[in-house]
Structure formats: structure tokens, C-alpha cells
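Now for the letters of each chain:
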Amino acid sequence: GRLAGLEVLRIINEPTAAALAYGLGSKDRGTVAVYDLGGGTFDVSAVEFRNGDLVVKATDGDRNLGGADVNNLMLKNALDAFKAEHGIEITAESDLSTYVDVREKCETAKKTLSQATTASFVISAEGKRLIIDITRAEFETMIAPIIEKTREITIRAMQAAGLEYRDIRDVLLAGGSTRIPAVREM
């Protein structure tokens, strides 16, 4: 901020910034939860609005948990399937181009599964091919531990704020991975 010529009064986390944007100028009262599952981090905040003021009741998160973890799980499963089928291990060291291609295909499949119930892509390496088909149900089973960890952190933040779910007026979803249906359902 200072490098941009701004006077920095304090730094706030992304969920608090989302809550500010949500409630800016509002005279509503109530508590909202901001669930932010971004590419590399997970943050959650309980924020209370009182006559135009914003009070952060609690915030929690994991700076090493995010959509990249979902991508990494998909990548590992796809590369493990290719190795099981053809006996060829693809790594960033052995074949960077193919590794990056499969990583990108996994991310595209993740996004597809937010809209559709199945996704497919092809892995090609050393003259061998494998079609990877994944259903939304398989995907949700694969990422269930990640979703569960965000749920535990959310509960911890709500407890720190002295709140129960029924005390929350709205839930604000931020970050690309909140488009995953299983995340929204949780």
C-alpha cells in the first residue's frame, strides 16, 4: 500500500474485505459468515453488522489449504492411473510438458464437475494414451477430506465467536473452489 502512495492504517484479511464489500453502506443488523476457499488458502470469518458498523467476531483459516490441493489430488490420481495402466511414471522432472498438460486438464475437469456430473480427459505420454473419466461422486469422495477440514475450521471460528449456525444470517462464498457443489452443500 505504501509503495502505491497510500496511507496504510491496517491490513485486513480477504474474508473481512469481502464482508466489508457485502455490507458497505448497509444499515442491516446481523451476523454473516465469510467462507473463502481460494486457490492456495482457506479463510473463514464471522462478521457482525451493527447499524453500518462491522465487527469481526472471529477469523480462522489455513494458509496451506485451497483449490490447489484439490488440483493436486486430481493430478496424483490421474498420474497414478496412467502408471498403473502403462507402467510409466510422469513427473515434473521426467516429462515437464506432459506433467503441466495433465495438471491443466485436471483443473479444467474440476471446473467441469462444478457444472456437469462427469468429466473426461486424455493423458498421452511415450506413445501411450489413457482416457480419464471421473464422475462428480468420485470427485467429491476424493476431496471429502479437504472439505471436512474446512468444516472443522469453520466450526472452530464459530465457537471462537460464541455463535451457532442458526445465528448466521447469510453465508458469503468467496474463492473459485466455492463453485464446487459439495462445498456449497457443506
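A brief look at the structure comes next. (Residues numbered from 1 in each chain as written. Predicted model: local features only at pLDDT ≥ 70, side-chain atom pairs only at ≥ 80, totals over all residues. Heavy atoms only, no water.)

1. Structural notes on the overall build of the protein
What the protein contains, in helices and strands, is 5 helices and 6 strands. Its helices and strands in sequence order give the protein the pattern α-β-β-β-α-α-β-β-α-β-α, from N to C terminus. At 20 Å, the protein has a C-alpha radius of gyration far larger than the 16 Å of a compact globule built from 186 residues. Seen through its principal axes, the protein has C-alpha atoms that stretch 65 × 45 × 25 Å. Within the protein, residue pairs in contact and separated by at least 24 positions form 60% of the contacts whose partners lie at least 6 positions apart. (Helix = DSSP H or I, 4+ residues; strand = E, 2+ residues; numbered from the N terminus. Rg over C-alpha atoms; globule rule 2.2 N^0.38 Å. Contact = heavy atoms within 4.5 Å.)

2. A word on the sheet that holds strand E2 (residues 42-50)
Two strands in a sheet stick together by hydrogen bonds in their backbones, pointing the same way (parallel) or opposite ways (antiparallel). The strand order E3-E2-E1-E6 describes an open sheet built from 4 strands, whose pairing is mixed. In this open sheet, the two edge strands, each paired with only one partner strand, are strand E3 (53-62) and strand E6 (168-174). Across the sheet, the axes of successive neighbouring strands diverge by a mean angle of 20°, strand direction being ignored. Examined bridge by bridge, E2 and E3 share 9 bridges and lie antiparallel to one another. By the bridge assignment, Glu48 is partnered in E3 with Val55. Sitting on the sheet, helix H1 (residues 14-23) is in contact with strand E1 (30-37), E2, E3 and E6, with an inclination near 35° to E2. Against the sheet, helix H4 (residues 136-160) makes contact with E1, E2, E3 and E6, and its axis sits at roughly 140° relative to E3, the strand it touches most. (Pairing = 2+ DSSP bridges. Axes fitted to C-alpha atoms, helices over the stretch in contact; angles between N-to-C directions.)

3. Considerations on the side chain of Lys110
Following the sequence through the fold, Lys110 ends up in helix H3 (residues 96-112). The side chain of Lys110 is buried and forms no salt bridge, while Glu107, the nearest opposite charge, is found at 4.7 Å. Ignoring any residue separated from it by four or fewer positions in sequence, one finds Lys110 in contact with Gly67, Val70, Asn71, Met74, Phe139, Ser177 and Ile180. (Buried < 20%, exposed > 50% of the residue type's maximum accessible area, 1.4 Å probe, protein only. Lys, Arg positive; Asp, Glu negative; His and termini not counted. Salt bridge = Lys/Arg side-chain N within 4 Å of Asp/Glu carboxyl O.)

4. Considerations on the packing of aromatic side chains
Both the distance between ring centres and the angle between the ring planes are used here to describe each pair of aromatic rings. The full count for this structure, using the stated rule, is 1 aromatic pair. Relative to Phe42, the ring of Tyr35 has its centre 4.8 Å away and its plane inclined at 65°; by these criteria the two rings are edge-to-face. Of the two residues, Tyr35 and Phe42, both sit in the buried class. (Phe/Tyr/Trp six-rings, centres within 6.5 Å; stacked < 30°, edge-to-face > 60°.)

5. Looking at the side chain of Ser114
Inspection of the secondary structure puts Ser114 in the loop between H3 and strand E4 (118-125). Given a relative accessible area of 14%, Ser114 falls into the buried group. Beyond its immediate sequence surroundings of up to four residues, Ser114 is in contact with Arg136, Arg179, Ile180 and Pro181.

6. Overview of the pairing of E4
Here E4 shows one buried face, formed by Ala119, Phe121, Ile123 and Ala125, and one open face, formed by Thr118, Ser120, Val122 and Ser124. Strand direction decides the pairing type here: E4 and strand E5 (residues 128-135), joined by 8 bridges, are antiparallel. Along E5, the bridge assignment pairs Ala125 with Lys128. Between the antiparallel neighbours E4 and E5 lie 2 residues, among them Glu126 with a positive phi of about 50°.

7. As for H4
Taking 1.5 Å as the rise per residue, H4 with 25 residues should run 36 Å; its terminal C-alpha atoms sit 34 Å apart, in good agreement. Approximately 55° is the largest bend angle found in H4, and it occurs at Ile143, with the proline Pro145 only one to four residues beyond. Residues of H4 that are buried: Phe139, Met142, Ile143, Ile146, Ile147, Thr150, Ile153, Thr154, Ala157 and Met158. A positive backbone phi angle near 70° is found at Gly162, which sits one or two residues after H4. (Expected span 1.5 Å × (residues − 1). Bend = angle between axes of the 7 residues up to and from the residue.)

So far we have only geometry, and geometry alone does not tell us how the molecule works.
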